Amino acid sequence: MQNRPVNLFHDAESQPGLRDTYSLEKSPALRLVVVFAALSLPLFVVAGKLVHLQSEHGDQYLVGFGEHVEESFGTIETTDGRILLDGTVLAHDVASYRLKLHYRWLEEPADGVWLRRKARERVPRSEWRDRSRIEAAEQAVLAERQRMWQRLAEQLELTDDEFANRRHRVQQRVERIVELVERNRERRDAEAAAELQRERDALARDRGWLESGWQTVKDELTTPPKRAAHEPVEVTEEFAYHGIADNLAFEQVAEIVTRADLFPGVDYEMVTRRDYPQGPLAAHIVGVRQPVDAEEIESLRTVGGRDPFTDDVGSTGSVAAAAEPSRQEIGDVLQPGDRIGRSGIEQSYSDQLRGRRGLVRIVKDSEGEIIRREVLRRPLKGADVELSLVKPLQQCAESLLDDALGSRPLLHPATRDKLEREAGTVSTDASELATDNDGENREEGEAPKGQPRGGCIVALNVYTGEILCAAAAPRFDLRLLTDYDEALWRAVQSDPRSPMFPRVTQMAIPPGSVFKTLTTIAGLEERVISPDEPIYCQGYFKVPSKHRCYVFRHRGYGHGDMTLTSAISHSCNVYFYNVGDRLGPDRLAFWSRRMGFGQPTGIDLPGESAGHVPEPGTPQAIQLAAFKNQQVASSGRPVWHPGETLNFAIGQSTLAVTPLQIVRLTAAIANGGELVTPHVVRTVHQGGQANDTAPTVSKLRDHVPLRPGTLQHLREGMEQVVARGTGRRVRIDQVQIAGKTGTAETGQGSDHAWFTGFVPADSPQIAFVVVLEHGGSGGAEAGPIAKKLIEKMLDERLIAPTEDLLQ
């Protein structure tokens, strides 16, 4: 009750004493003073401490504010694998290095905040308030930077002015970015202010003066005040490293980056480019590796969320399930700018060739300068792929085709310079392999030679399917696809012969008489003919105006009685018209497919064509008949005219085959009926270990069970082709050869010239095919090329001469 204005328990006339005056119980004012003092004293202590910190250590805490480190993960670049041929590098990554300088170390004049921070790193904290010491330290930093510029210019073999120009170009680019950001900010502020003013004007029109005034007061009280000036614009480029020199050797970069005391603010990165030092050699087989962009990477992702480029790929190229990559998996992700195979071996072995990036943890300060690096995973180089091709034989085949077409590939300047430095290595082969001018007369009825549009030569091991040469012409220089040259690119693109077309795997054309080997197999297996049964050739099948032999067309008479061997030897059309007529189209189509036609061979190259086997009643045949406006029966099957069967039997009609399918059939004739799987890669080398990539035994051979005498009679006929028949231009005294000529009519331009065979005939090792697109007669044009190819095989000891075999 002491706090009441009137105390009911005291006498109204009593006077307070001294004790009562200073009593907390009796003096409310005194109590308030004590409470105030108790609350204020700690505040005064805190304030004093703040004053002390500000006066004695303010600079220390000011500089420390905002000082932080940033941790990120980066990748360590690596190189993709090489493609090798007999120790010769056909494709590899060329690594060069880019030297980079942090923006603050090249900016002129130096940024004030950065310069002050660098200066304080040189001065003890106790002296940070000494302005003279800080200014002296700043001058030391600038002097150090100037000396670093001079050292860099010397290391890069640049003058001071040249180096300064590089720095200024970087700074001008960054300043343009800053200026653009500032202009955009000013534009946005002006637009926002204009929009706010429009809203206020609209409210003023819609409301009365009292309501508008109240809204103005409320806006002023609730809207935060606008800053008189914006903070300075800072862009990422001001905290980044910028390239100042490219295409440096590792030794140059190592000498710089290992001396951080002499070259502060310097960093580097490895840059690779794909190079094809042999230019046009095996260009269609090697293929090309080119960069990929973000859109293409996204399109490569499968619907199930799996990305074949984010997982490790084993030697077999299998792909594991992929989840969204974490930071630790960043090194495995395919990134924009990375290269993937676009064609050839580069495409089919793209996963094995692709290197695996390393992973590094990077710690940076507040200015973006790198403080330290920690390697979490070392980079792994891509695997090396070794081809099965034999380099001298490949060069020989390509030179032969160049001579046949009368042209050489257009070379990139870099390739031309390289070949000139290695003068004699290529021109020697070309001089040895001049076109055949032996003056022999053409065979009776052979058409004159046309100018070939293109050509192809393939040779393979008849037992393993290992391809020893695979040449196509016209050729092109692979460097045109990685190092653009406008004039050369325009010349290649405008060439009507399509130099970049991969004829080895995708050229599907009529085979002509080389297909008679298949017709022979079908006839003997179906027992519609007997090897010794004579069939009379009157020069034409039934009427003189069509289905004729060459000899009748040019000499007016037929071959007479023909047995199987003589029919193969002289390539008698009438004989095989009879065989085809007895077989019918269905059995011809069956044996065609059984021997690998109408389907890819399985070669380890992308985009292989399946060709076409004419079959009455198939959807493809119906579609083709509709396209050609042929009659279609009520059953939906196109009307198959008897003449189509006759043409089918001699490799015409709508039949289309690839060189690989023909050489595979020839190998099966040589090895006893095994359809081998062609392959151009022998081994894949990863981490010092070689993995054999040849097809497994189950895939290597597709055994076709044939009657014992079928292949024997066929081989005898093919030997006679070279001994005394249409292929006698191929005959060589040192080795026995079995072969078959083919001249396929095209309806437009010259015929296609074919020659296929195997050597040695009595102990087969290698099967081969030569085809000239619109090249004329098989015996006259393709045959001599095959002869020179076999001579090269003998020179390289790929096959043994006959006399060696008999010893």
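Here the structure is shown first, and the text comes after it.
Owing to the predicted nature of the structure, the values given are computational and were not obtained by experimental measurement.

Glancing now at the sheet that holds strand β20 (residues 752–759). The strands making up a sheet are joined through hydrogen bonds of the backbone, oriented either antiparallel or parallel. Taken together, five strands build an open sheet; the order of strands is β12-β11-β21-β20-β19 and the sheet is antiparallel. A single partner strand is all that each edge strand has here, and the edge strands are β12 (467–473) and β19 (738–744). The mean angle between the axes of side-by-side strands here comes to 5°, regardless of whether they run parallel or antiparallel. Relative to strand β21 (residues 766–773), β20 runs antiparallel, the two being bridged by seven bridges. Looking across to β21, one finds that G757 is bridged to F768.

Another point: the sheet that holds strand β1 (residues 70–76). As summarised here, the arrangement of the three strands in space is β1-β8-β9, forming an open sheet in which the pairing is antiparallel. The sheet is open, and its two edges are formed by β1 and β9 (370–377), each paired on a single side. Adjacent strand axes in the sheet meet at a mean angle of 25°, parallel and antiparallel pairs treated alike.

Mapped onto the fold, I521 is located in helix α18 (residues 516–525). The exposure class of I521 is buried, given its relative accessible area of 0%. C-alpha separation for the pair I521 and W591, spaced 70 residues apart in sequence, amounts to 8.0 Å. Setting aside chain neighbours within four positions, we find I521 in contact with W591, M595, L665, I669, L706, T710 and L714.

Axis separation between helix α13 (residues 391–405) and helix α28 (residues 778–795) bottoms out at 10 Å; the angle between their running directions is 160°. Judged by the angle between their axes, α13 and α28 are roughly antiparallel. Along this stretch, α13 crosses α28, giving a crossing that reads as right-handed. Here P392, L393, C396, A397, L400 and A404 of α13 lie close against α28, whose contacting residues are I785, K788, L789, K792 and M793.

Calculation notes
Each residue is numbered by its place in its chain's sequence as written, counting from 1. Since the coordinates come from a predicted model, pLDDT governs what is reported: local features require at least 70, and pairs of side-chain atoms require 80 or more to be given and counted, while whole-chain, interface and lining totals use all residues. Side-chain metrics in this entry use all non-hydrogen atoms of the structure; hydrogen atoms and water are not considered. What makes two strands pair is DSSP finding at least two bridges between them. Secondary structure elements are taken from DSSP: a helix is a run of H or I of four residues or more, a strand is a run of E of two residues or more, and numbering for both begins at the N terminus. Geometry is summarised by axes, namely lines fitted to C-alpha atoms with helices restricted to the contacting stretch, and by angles between N-to-C directions that run from 0 to 180 degrees. In this scheme, a residue with accessible area under 20% of its type's maximum is buried, one over 50% is exposed, and one in between is partly exposed, where area comes from a 1.4 Å probe on protein chains only. Contacts are assigned to residue pairs that have any heavy atoms within 4.5 Å of one another. Every angle not falling under 35 degrees, over 145, or within 65 to 115 is termed oblique; those three ranges are roughly parallel, roughly antiparallel and roughly perpendicular. For any helix crossing, the convention is left-handed if the near helix is rotated counterclockwise from the far helix by under a right angle, and right-handed if that rotation is clockwise.

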